Amino acid sequence: MLLKLPTETIPIQEIPVQKNIKLFIKREDLIHPQISGNKYWKLFYNVNNYLGENPDKPYIITFGGAFSNHIAAVSAVGSLAGIPTLGIIRGEELEHKWRDNPTLLFAKRNGMNLKFVTREEYGHKEKLTEFLQHEFPEALVVPEGGTNEEAVEGVKMMLNEQTKDFDYLCTAVGTGGTIAGISKFCEDNQKVIGFKVVDDASLENKIFELTLKQNFDLIDSSFGGYGKISDENIRFINDFKEKYDIPLEPIYTGKMMQKVLELIEEGFFPEHSRILCFHTGGLQGIEGANLLLEKQNRNLII
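Residues numbered from 1 in each chain as written. Predicted model: local features only at pLDDT ≥ 70, side-chain atom pairs only at ≥ 80, totals over all residues. Heavy atoms only, no water.

Visitor: Would you explain the side chain of N290 in this entry?
Guide: Inspection of the secondary structure assignment puts N290 in helix α11 (residues 285–295). Residues within four places of N290 in sequence aside, it is in contact with L300 and I301. (Helix = DSSP H or I, 4+ residues; strand = E, 2+ residues; numbered from the N terminus. Contact = heavy atoms within 4.5 Å.)

Visitor: Can you walk me through the pairing of strand β3 (residues 60–64) in this structure?
Guide: Judged by how many residues are buried, β3 sits mostly within the fold: five of five residues are covered. The alternating pattern of β3 places I60, T62 and G64 and I61 and F63 on opposite faces, both of which are buried. Bridge analysis of β3 against strand β4 (residues 85–90) gives five bridges, and the strand direction is parallel. Following the sheet pairing, I60 is matched in β4 by T85. Handedness of the β3-helix α2 (residues 69–81)-β4 crossover: right-handed. Alignment of β3 against strand β6 (residues 140–141), held across two bridges, turns out to be parallel. Bridge pairing in β6 links I61 to V141. (Buried < 20%, exposed > 50% of the residue type's maximum accessible area, 1.4 Å probe, protein only. Pairing = 2+ DSSP bridges. Right-handed = clockwise from strand over helix to strand, strands pointing away.)

Visitor: Help me understand the sheet that holds β6, please; the structure alone is not making it clear to me.
Guide: As summarised here, the arrangement of the four strands in space is β5-β4-β3-β6, forming an open sheet in which the pairing is parallel. Strands with a single pairing partner mark the edges of an open sheet, and in this sheet they are β5 (113–117) and β6. Contacts from helix α5 (residues 125–135) reach β3, β4 and β6 within the one sheet, and its direction differs from that of β3 by about 165°. (Axes fitted to C-alpha atoms, helices over the stretch in contact; angles between N-to-C directions.)

Visitor: Help me understand the packing of aromatic side chains, please; the structure alone is not making it clear to me.
Guide: One pair of aromatic rings is described through two measures. These are the centre distance and the angle between the planes. In this structure the tally under the stated criterion is twelve aromatic pairs. Aromatic pair F44 and Y45: ring centres 5.1 Å apart, planes at 90°, arrangement edge-to-face. Y45 sits in the partly exposed class, given a relative accessible area of 26%. Plain terms: the ring middles of F268 and F269 are 5.0 Å apart, the flat faces sit at 85° to each other, and that makes the pair edge-to-face. Look at F268 and you get partly exposed, because its relative accessible area is 41%. Three or more aromatic residues link up through ring pairs in this structure, and these residues are Y40, W41, F44 and Y45. Above the plane of the ring of W98 lies K108, whose end atom (NZ or CZ) is 5.1 Å from the centre. Here the guanidinium or amino end of R274 rests over the ring plane of F166, the centre of that ring lying 4.8 Å away. (Phe/Tyr/Trp six-rings, centres within 6.5 Å; stacked < 30°, edge-to-face > 60°. Lys NZ or Arg CZ within 6 Å of the ring centre and 35° of its normal.)

Visitor: In this structure, what is going on with the side chain of T178? I would like to understand it.
Guide: When you line up the elements, T178 lands in helix α7 (residues 177–185). Side chain to side chain, T178 and N38 meet in a polar contact 2.8 Å long. (Polar contact = N/O pair within 3.5 Å; in protein donor to acceptor, adjacent residues only side chain to side chain.)

Visitor: What is the right way to read helix α3 (residues 102–109) from this model?
Guide: Residue pairs three or four apart in sequence face the same way in an α-helix, which turns once every 3.6 residues. Here α3 has its buried residues at P102, T103, L104 and A107. Where the residues of α3 are buried, they touch α2, β4, β5 and α11. Looking at where α3 begins, the residue whose side-chain oxygen comes 2.9 Å from the main-chain nitrogen of T103 is N101. Where α3 terminates, the next one or two residues include G111, which has phi positive at roughly 95°.

Visitor: Honestly, the environment of F223 in this entry has me stumped. Any pointers?
Guide: Structurally, the position occupied by F223 is in the loop between β9 (216–220) and α9 (231–244). Separated by 40 residues in sequence, F223 and L263 place their C-alpha atoms 14 Å apart. Setting aside residues no more than four positions away along its own chain, F223 makes contact with K228, N233, K255, Q258, K259 and E262.

Structure follows, in structure tokens:
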């Protein structure tokens, strides 16, 4: 088994709020220095089951964008296990610029090969997957974001005795695997809220197909669009770090926490609610975000 269960309990930290509500955050970002947060659990069964089959020539292939947490995590898995990896990267214009991209540079240093494809090609990932599986029949091909049934099973590990007493379980939503796992394996009396950072009308159906439960709601938390970072987002993240000593990245957890606190102020949650938010990691993305912000002469994420 390459990815192991943590030997120490993942801490749950309280975030004091003025309302008559209890808010906490589970620090899944601390689970591994390079395979961060929900990516660790999404890859847990995908990778361990694959290696358990003892392939003659193991090879892991996956998909992602320029600053993908998933690409970074898979490259780290490959480096840790001594397994070659291939990342199919959205945007052929990055082929000669990857050295200027902290995520792609990290992946290359971990030994990952990068293949850059056009956005049109990338939009047909099913065809790409079929082609890659035919070309590399022994390879493990992991979907974008790591979301599949094995990932959902892995996310179950984010829930334990400590998480059973909460009324609301909150997570950022990109490809839907994390919220599907939380929805599928949480307690019957718990409500799951997904803070959607992408504009994808099909997400609700995708999540339902993975969980077969209707105990979740999705709330738009894109703050202008996927990958868009407003000055207000930056101010919130920096204030949060200063107040609670918890770093947040600007694409997923930062937007979720900002929206959760807005909803608390608006009275969305009933009094005496106990809310647990999952910090899904991805802090590697801060460096790339700051490079873009610096070019725009804007404040940086501390």
